[in-house]
Amino acid sequence: MRVLKKGLSYLVLLFASIMASTALARIQYHDFVVQATPVKRLCRTQSTITVNGQYPGPTLEVNEGDTLVISVVNRARYNVTIHWHGIRQRRTGWADGPEFITQCPIRPGGAYTYRFTIEGQEGTLWWHAHSSWLRATVYGALIIYPRQGSAYPFTKPKRETPILLGEWWNANPIDVVNEAARTGGAPNVSDAYTINGQPGDLYSCSSSETIIVPIDEGETNLLRVINAALNQELFFAVANHRLTVVGADASYLKPFTSSVIMLGPGQTTDVLITGDQSPARYYMAARPYQSAQGAPFDNTTTTAILEYMSAPCPSRGMPSTPVMPTLPAFNDTATATAFTRNLRSPHSVPVPTDIDESLFFTIGLGLFSCPPNFRTDQCQGPNGTRFASSMNNVSFVLPSSYSILQAYHQKIPGVFTTDFPAVPPVQFDYTGNVSQSLWQPVPGTKVYRLKYGSNVQLVLQDTSIVTGENHPIHIHGYDFYIIAEGFGNFNPATDTAKFNLVDPPMRNTVGVPVNGWAVIRFLADNPGVWIMHCHLDVHITWGLAMAFLVENGVGELQSIQSPPEDLPPC
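Calculation notes
All chains use their own residue numbering, which begins from 1 and follows the written sequence. At least 70 in pLDDT is required for a residue's local features to be given in this predicted model, at least 80 for side-chain atom pairs to be given and counted, and no such filter applies to totals for whole chains, interfaces and linings, which use all residues. As a rule here, side-chain values cover all heavy atoms of the structure and leave hydrogens and water aside. A pocket here means an open set of points on a 1 Å grid, computed over the protein atoms alone, that has protein on both sides within 12 Å along at least five of seven lines. A cavity is instead a set of points where a 1.4 Å probe fits but cannot get out; residues with an atom within 4 Å of a point line either one. Grid points are joined across faces, edges and corners, and a volume is the space filled by probe spheres set on the points. Per the convention used, a helix needs a DSSP run of H or I reaching at least four residues, while a strand needs a run of E reaching at least two, with both numbered from the N terminus. Residues are grouped as follows: Ala, Val, Leu, Ile, Met, Phe, Trp, Tyr, Cys and Pro are nonpolar; Asp, Glu, Lys and Arg are charged; all remaining types, including Gly, are polar. In this text, buried Ala, Val, Leu, Ile, Met, Phe, Trp, Tyr and Cys residues form a nonpolar core when linked through side-chain atoms within 4.5 Å. Exposed residues in this analysis have more than 50% of their type's maximum accessible area, buried residues have under 20%, and partly exposed residues fall in between, with area computed by a 1.4 Å probe over protein chains only. Throughout, a contact is declared for two residues whenever any of their heavy atoms are within 4.5 Å. Note on terminology: disulfide denotes any pair of cysteine sulfur atoms within 2.5 Å. Between rings of Phe, Tyr and Trp, where Trp is taken as its six-membered ring, a pair exists when centres lie within 6.5 Å; planes separated by under 30 degrees are stacked, by over 60 edge-to-face, and by other angles tilted. In protein, a polar contact means a hydrogen-donor-capable atom and an acceptor-capable atom, both N or O and within 3.5 Å, with residues adjacent in sequence counting only if both atoms are side-chain atoms; elsewhere, any N or O pair within 3.5 Å suffices. Note on pairing: DSSP must find at least two bridges between two strands before they are called paired. In this analysis, axes come from line fits to C-alpha atoms, helices being fitted only over the stretch in contact, and the angle between any two N-to-C directions falls in the range 0 to 180 degrees.

Lay out the layout of surface pockets with the relevant residues and their values.
Looking at the largest pocket, its volume works out to about 850 Å³. Along the walls of the largest pocket sit 35 residues, with Leu398, Ile540, Thr541, Trp542 and Gly543 positioned nearest its centre. At the level of elements, strand S7 (123-129), helix H2 (173-183), strand S21 (386-391), strand S22 (394-396), strand S31 (528-534) and helix H6 (537-542) are the ones that each hand at least two residues to the lining of the largest pocket. Of the residues assigned to the lining of the largest pocket, the class counts are 19 nonpolar, 12 polar and four charged. The calculated volume of the second largest pocket comes to roughly 520 Å³. Lining the second largest pocket are 24 residues, and of these Gly120, Ser251, Asp479, Tyr481 and Met506 sit closest to its centre. For the lining of the second largest pocket, the elements supplying multiple residues, two or more each, are strand S15 (251-258), strand S27 (480-487) and strand S30 (516-524).

Tell me what's going on with the nonpolar core, and back it up with residues and numbers.
The biggest cluster of nonpolar side chains holds 91 residues, and the ones touching the most others in it are Trp84, Leu460, Ile473, Met532 and Phe548. With six residues, strand S32 (residues 545-550) is the largest single contributor of residues to this core. Non-local contacts of Phe548, meaning those with residues more than four positions away in its chain, are made with Leu359, Phe361, Tyr448, Leu450, Leu458, Phe522, Gly528, Val529, Trp530 and Met532. Counting 54 residues, the second-largest nonpolar core is a separate cluster that includes Tyr55, Leu164, Leu165 and Leu243.

Please set out the state of the cysteines residue by residue, giving values where relevant.
Disulfides are covalent bonds that link the sulfur atoms of two cysteine residues. Summed over all chains, the structure comprises three disulfides. Cys43 shares a disulfide with Cys205; S-S distance 2.0 Å. The disulfide joining Cys43 to Cys205 has a torsion of about 90° about its S-S bond and is therefore right-handed. With Cys43 in the loop between strand S1 (27-41) and strand S2 (44-51) and Cys205 in the loop between strand S10 (192-195) and strand S11 (212-215), the pair connects residues that are 162 residues apart, well separated along the chain.

Hey, could you go over the environment of Cys205 for me, with residue numbers and the actual values?
For Cys205, a relative accessible area of 54% translates into the label exposed. Separated by 163 residues in the primary sequence, Cys205 and Leu42 place their C-alpha atoms 5.4 Å from one another. Other than its neighbours up to four places away in sequence, Cys205 contacts Leu42 and Cys43.

Requested: an account of the environment of Val550, with residues and values cited.
Relative to the elements of secondary structure, Val550 occurs in strand S32. For Val550, a relative accessible area of 1% translates into the label buried. Residues Val550 and Ser132, spaced 418 residues apart in sequence, show a C-alpha to C-alpha distance of 25 Å.

Outline empty space enclosed by the protein, supporting the account with residue identities and numerical values.
Evaluation of the coordinates by the stated rule reveals one cavity of 30 Å³ or more. By volume, the largest cavity amounts to about 40 Å³. Taken together, Glu122, Gly123, Tyr152, Phe154, Leu222, Arg224, Tyr252 and Asp270 make up the full set of residues lining the largest cavity. Of the residues that constitute the lining of the largest cavity, the class distribution is four nonpolar, one polar and three charged.

Before we move on, can you summarise the packing of aromatic side chains with the specific residues and values?
In this description, a pair of aromatic rings is defined by centroid distance and the angle of the planes. This structure, assessed with the given rule, holds 26 aromatic pairs. With a centroid separation of 6.5 Å and 50° between ring planes, the pair formed by Trp84 and Trp127 is classed as tilted. Placement of Trp84 in strand S5 (residues 82-85) and of Trp127 in strand S7 is noted, with a sequence separation of 43 residues between them. No difference in accessibility class separates Trp84 from Trp127, as the two residues are buried.

So, H2: which residues are in play, and what are the values?
For H2, the full list of buried residues reads Pro173, Ile174, Val176, Val177, Ala180 and Thr183. Summarising the contacts, the buried residues of H2 are in contact with S21 and H6. One side-chain oxygen at the N-terminal end of H2 lies 2.9 Å from the backbone nitrogen of Ile174; it belongs to Asn172. Of the residues trailing H2, Gly184 is marked for its positive phi of about 80°.

Could you give me a rundown of the environment of Asn196, with the residues and numbers involved?
Along the chain, Asn196 turns up in the loop between S10 and S11. Sequence separation of Asn196 and Gln290 is 94 residues, and the distance between their C-alpha atoms is 22 Å. If sequence neighbours within four positions are ignored, Asn196 has contacts with Pro56, Pro162, Ile163, Leu164 and Ile211. In this structure the side chain of Asn196 is engaged in a polar contact, spanning 3.1 Å, whose partner is the backbone oxygen of Pro162.

Tell me about unusual backbone geometry, and name the residues and values.
For the bond from Tyr55 to Pro56, the omega torsion is -10°, close enough to zero to count as cis. The topology assignment puts Pro56 in the loop between S2 and strand S3 (60-63). Of note in this structure, Asn52 is not a glycine but carries a positive phi near 55°. For Asn52, the location among the structural elements is in the loop between S2 and S3. Looking at Asn52, the relative accessible area reads 30%, which means it is partly exposed. For Phe100, which is not glycine, the phi torsion reads 65° and is therefore positive. Counting through the fold element by element, Phe100 comes out in the loop between S5 and strand S6 (111-117).

I'd love a proper account of the side chain of Gln232, names of residues and values included.
In this fold, Gln232 is placed in the loop between strand S12 (220-227) and strand S13 (233-238). Side-chain polar atoms of Gln232 contact the backbone oxygen of Tyr289, separated by 2.8 Å. Not counting residues up to four positions away in its chain, the partners in contact with Gln232 are Glu167, Tyr193, Asn227, Pro265, Pro288, Tyr289, Gln290, Phe297 and Leu536.

Describe in detail the pairing of S13, supporting the description with residues and values.
The element S13 is largely enclosed, with a buried count of six among its six residues. The sheet contact formed by S13 and strand S18 (residues 281-289) spans six bridges and is antiparallel. Among the inter-strand pairings, Ala237 is bridged to a residue of S18, identified as Ala285. Summarising the sheet, S13 and strand S16 (residues 261-263) pair through three bridges and their orientation is antiparallel. In the strand pairing of S16, Phe235 is matched with Met262.

Quick one: what's the story with the sheet that holds S5, residue by residue and with numbers?
Pairing in this open sheet of four strands is mixed, and the strands run S3-S8-S7-S5 from one edge to the other. The open sheet has two edge strands with one neighbour each: S3 and S5. With strand direction ignored, the average angle separating the axes of adjacent strands in the sheet is 20°. Looking at chain direction, S5 and S7 are connected through four bridges and run antiparallel.

I'd like a rundown of the pairing of strand S17 (residues 268-274), residues and numbers included.
Within S17, six of the seven residues are buried, leaving the element largely enclosed by the surrounding structure. Relative to S17, S12 is paired through seven bridges, and the arrangement is antiparallel. If you follow Arg224 over to S17, its bridge partner there is Asp270.

Given below as structure tokens:
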């Protein structure tokens, strides 16, 4: 009888705990209106696609466990979708957002409501358009605070500030990518980088709107740094201040200090900064990390100002120029590598060990021969070709009639195939002098099928075709452990000794080193269709993507939900 009472008491406490946890979670409703808005930057005003007339768009602030219901109305002249970058979307793949992967686009005049719950994630993520190059201006922060009643694993900061790094063109970004698609050449590079939508003091007509980030003597603040740039990895630093890295991609990290951080597009990094310098004004700045030799890029620097609230006012007529940080050279791969190799989980983590799927994907550029019916001005890549990109020699082609997830769910044939190769179709010296006979990939809409519950190891291998480059590779619907990275060709006989199976970092976007490799592992526990792509948008435009089709498991809780009734028609 005593045992029975103890058992009943335990069940009552468990039920009460579950009910209390559920009660703390909220349902948040938001309205996003995608529309053209006049935005003035770099001395000129242009019609810019925004959300709710804001550039950057609104910041979403939630607690772990909350549910978001976001109604998106498209009043722009382009098709649009919204992706909630880094959200696991457990069983809610219909809300993930990539165009023609999980949904058809929201047409002009149309609407769609995204519904999903934040589960087991805390930190900084973001949202952005996932149609063409609209994300150049359609993006915003998504901040996940600990569940109500919980706390950070570090001292609560006095202030928190999102720092969104972006890119700006003195042109319509859609026109820029469309012109590149027409010519087959590289698109024009951006005209400026931005911090929270503003270029900063080093650009024309910009200093009056430079972002000011306040700090006070002795206080510790949290900067939530997001690389929302379209095509550029970026170094970021604050003059005379050390940054304590505590998180990345909504996963906590073992804290370490650094004078500079590096983020690829899609990545986020949470850093603590302490007001331990003389009260004054200090620049925070971002400039490119450019690993592709000979490729054109925007070699400018964006700034904001860290301003001590107790700083003395400048004397009349005497400008107070903030102190500028020392940033690495644009091609400083050693600094970028040193930073990423410092990332560790705070404690031991459950890295998958019994591997069911051992995959090896090459990633990189390529060239298509000029089709016979094309004019010379349509083949402006190297030596009269058209630029391409691929994974395992497959240059990904988006469907145009159905999304892949809809086609899979409705058993519609002819939209995609399931024969994406698990290894390169031809083995070669990936980072050496590659024969030009291997430079032309094969177009296709191919996915790789995974059984629910599979333990997956994936080697991502950069190639030197055209040129090697650091590629920020993002997987939708999943976080993964980065267990190793290195330069040259991955060698399983020797490089497996470098695997960190104890405390590797968990991320949703991995920077594969230039002419190098990275190894990631994850458990395929989220059914649906999940695109994996380079987050340099010029590369996904050229085909540097593929998709995983993760089958349903057993029962409702291991199966994707039914499609919502308002899913946009194709």
